[in-house]
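# Coordinates in review
As a plain string of letters, each chain reads:
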Amino acid sequence: MSPVWSLGAGLLLLLLWVRHRGLEAVLVHHRWVFVCLFLLPLSILFDVYYQLRAWAVWRLHSAPRQHAQRVRHIQAQVREWKNEGSKRYMCTGRPGWLTVSLRVGKYKKIHKNIMINLMDVLEVDSERQVVRVEPLVTMGQLTAHLNPMGWTIPVVPELDDLTVGGLIMGTGIESSSHIYGLFQHTCVAYELVLADGSLVRCSPTENSDLFYAVPWSCGTLGFLVAAEIKMIPAKKYVKIHYEPVRGLQKICEKFTEESKKKENSFVEGLVYSLEEAVIMTGVLTDEAEQSKVNRIGNYYKPWFFKHVEKYLKDDRTGVEYIPARHYYHRHTRSIFWELQDIIPFGNNPIFRYLFGWMVPPKISLLKLTQGEAIRKLYEQHHVVQDMLVPMKSLEKSIQTFHVDLNVYPLWLCPFILPNNPGMVHPKGDEAELYVDIGAYGEPKRKQFEARASMRQMEKFVRSVHGFQMLYADCYMTREEFWDMFDGSLYHKLREQMNCKDAFPEVYDKICKAARH
């Protein structure tokens, strides 16, 4: 039988099976079928298109020339909105399914959509050690652009598809954040189109109130059109040390100790149970023992969190040299550990060698095709949350995550939080060491109920003066939300810049209590 006939017969059998089970049942309970057959090939086409586009734009030097024209077009759309009587709130015209956030942005259907087609690297200034980019530039695009020039940015948040705009208007973190802070703290200037159509540049010394109010504002103060980000010299490898630790108290003590060491370029923890974790520390280097080089980003390699877990199972420490760009995007292929729930056999060596080059599927395509049944299923039986808590509350926080969610692995990422103005800062007058606890997966807690359990978690985070990342589902009331976040500067600027008729308040844009 020829390969064509074999393929045809296979597709026919698949269609008959889908018809027998029902399309919705297949999409909910056997989603891997749809993902493997359709979303993985589509994701490859998406990547190829954007990589070719970015290459062509840079080769032709069109981005800097066209940037000003594109910004003028955005300004014209805002002025048109004003001339129409400012009847509706404004928002970006980017479809909600294209964002990495799992939240569905229903507000885009009723707000005035402002089209913002800004996805290019504009300038690399080696003298100032600053890169100027448009807001839709992704982390994968930026590191691919900078690394060959010998540069990188201090904080490279995980997942290739995260955009500069999303990381500024929301937030971003990486295992270097114990030195550099959150993504916003590596930015030196923003350019925004405001509610009156004017273009404004802000920095710590120019329009400083706006500069400090923009992060976490979720696009409710203006439209970001460019950002300037610090650069640091890139090195070839990350020398990473793996250390399994047992006992919750010892885990917290070891993680805190390593997070305080500035000689560690990177610090990260993966908690596999209440009493078991692997603490990783890394140092940038240009030299490597070739026998210990692990190109973990290659498509046929084990998923990183599974690779790390082997050190725990074997109860041994280890040292490896991971190419720097592979390290920066080490969790991308498995979307941390979310992909194991979508493609259960995705880490199988046979699948990796045959189809691993197509992984991961685009999160945006997963959102676009999930349907109402899957969305409700995920909402009620799946958790994707990042809670930022003071390091001194780490042990109590992990215990609370265990009782209220019981989701493993947990991701631990330390960061220094400076006492800057804005929505997020420490309770005291000085910078404080915090930790991001990321929970991604299906809660194993009996009688888990999404709203009640998450409200309990949010209450705990507020009690320790922590913060919830705003890409995730938020169940707080308005009063609780502004108890967690400092809205003084934010509300002052919304009043001064006439934002109240132009943009919704950040709470109304992201919180479930406001959207339902």
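Residues numbered from 1 in each chain as written. Predicted model: local features only at pLDDT ≥ 70, side-chain atom pairs only at ≥ 80, totals over all residues. Heavy atoms only, no water.

As annotated in an unreviewed UniProt entry, the chain carries the name Delta(24)-sterol reductase and comes from Rostratula benghalensis. Taken verbatim from the UniProt record of the chain, the Cofactor (unreviewed entry) comment is "FAD". In its Pathway (unreviewed entry) section, UniProt records this for the chain: "Steroid biosynthesis; cholesterol biosynthesis." (UniProt positions renumbered as here; feature names shortened; annotations may be inferred.)

Turning to the overall build of the chain, a few remarks are in order. Looking only at helices and strands, the chain has 21 helices and 17 strands in total. The proportion of buried residues among the 516 residues of the chain is 55%. Restricting the contact set of the chain to residue pairs at least 6 apart, pairs at least 24 apart contribute 74%. (Helix = DSSP H or I, 4+ residues; strand = E, 2+ residues; numbered from the N terminus. Buried < 20%, exposed > 50% of the residue type's maximum accessible area, 1.4 Å probe, protein only. Contact = heavy atoms within 4.5 Å.)

Within strand S6 (residues 187-193), 6 of the 7 residues are buried, which leaves it mostly tucked inside the rest of the structure. Pairing between S6 and strand S7 (residues 199-202): 4 bridges, direction antiparallel. Paired with Tyr 190 across the two strands is Cys 202, which belongs to S7. (Pairing = 2+ DSSP bridges.)

In total, this model carries 30 salt bridges according to the counting rule given. A salt bridge links Glu 174 to Arg 330, with the nearest nitrogen and oxygen atoms 2.9 Å apart. Taken together, the residues span a long stretch of sequence, with Glu 174 in the loop between helix H6 (164-169) and helix H7 (177-180) and Arg 330 in the loop between helix H11 (324-328) and helix H12 (339-342) at a distance of 156 residues. As a salt-bridge pair, Asp 483 and Arg 462 come within 3.9 Å of each other at their nearest N and O atoms. Taken together, the residues span a long stretch of sequence, with Asp 483 in helix H18 (residues 478-484) and Arg 462 in helix H17 (residues 450-463) at a distance of 21 residues. Note on Asp 483: relative accessible area 53%, which makes it exposed. Where salt bridges share partners, they join Asp 125, Arg 128, Arg 201, Glu 206 and Glu 228 into one cluster. (Salt bridge = Lys/Arg side-chain N within 4 Å of Asp/Glu carboxyl O.)

This part covers the UniProt feature "transmembrane region" (unreviewed entry) in the chain. Cross-referencing UniProt, the feature "transmembrane region" (unreviewed entry) maps to residues 32-50 in the present numbering. Span residues 32-50 is 100% helix and 0% strand, its end C-alpha atoms 25 Å apart.

Cis rather than trans, the peptide bond between Val 359 and Pro 360 has omega equal to 5°. Looking at the secondary structure, you find Pro 360 in the loop between helix H13 (349-355) and helix H14 (363-368). Of note in the backbone geometry, Asp 315 takes a positive phi value of approximately 50° without being a glycine. Following the sequence through the fold, Asp 315 ends up in the loop between helix H10 (304-313) and strand S13 (318-323). What makes Asp 315 exposed here is its relative accessible area of 53%. The phi angle at Gln 447 is positive, at roughly 55°, despite the residue not being glycine. By the secondary structure assignment, Gln 447 is in the loop between strand S16 (432-441) and H17.

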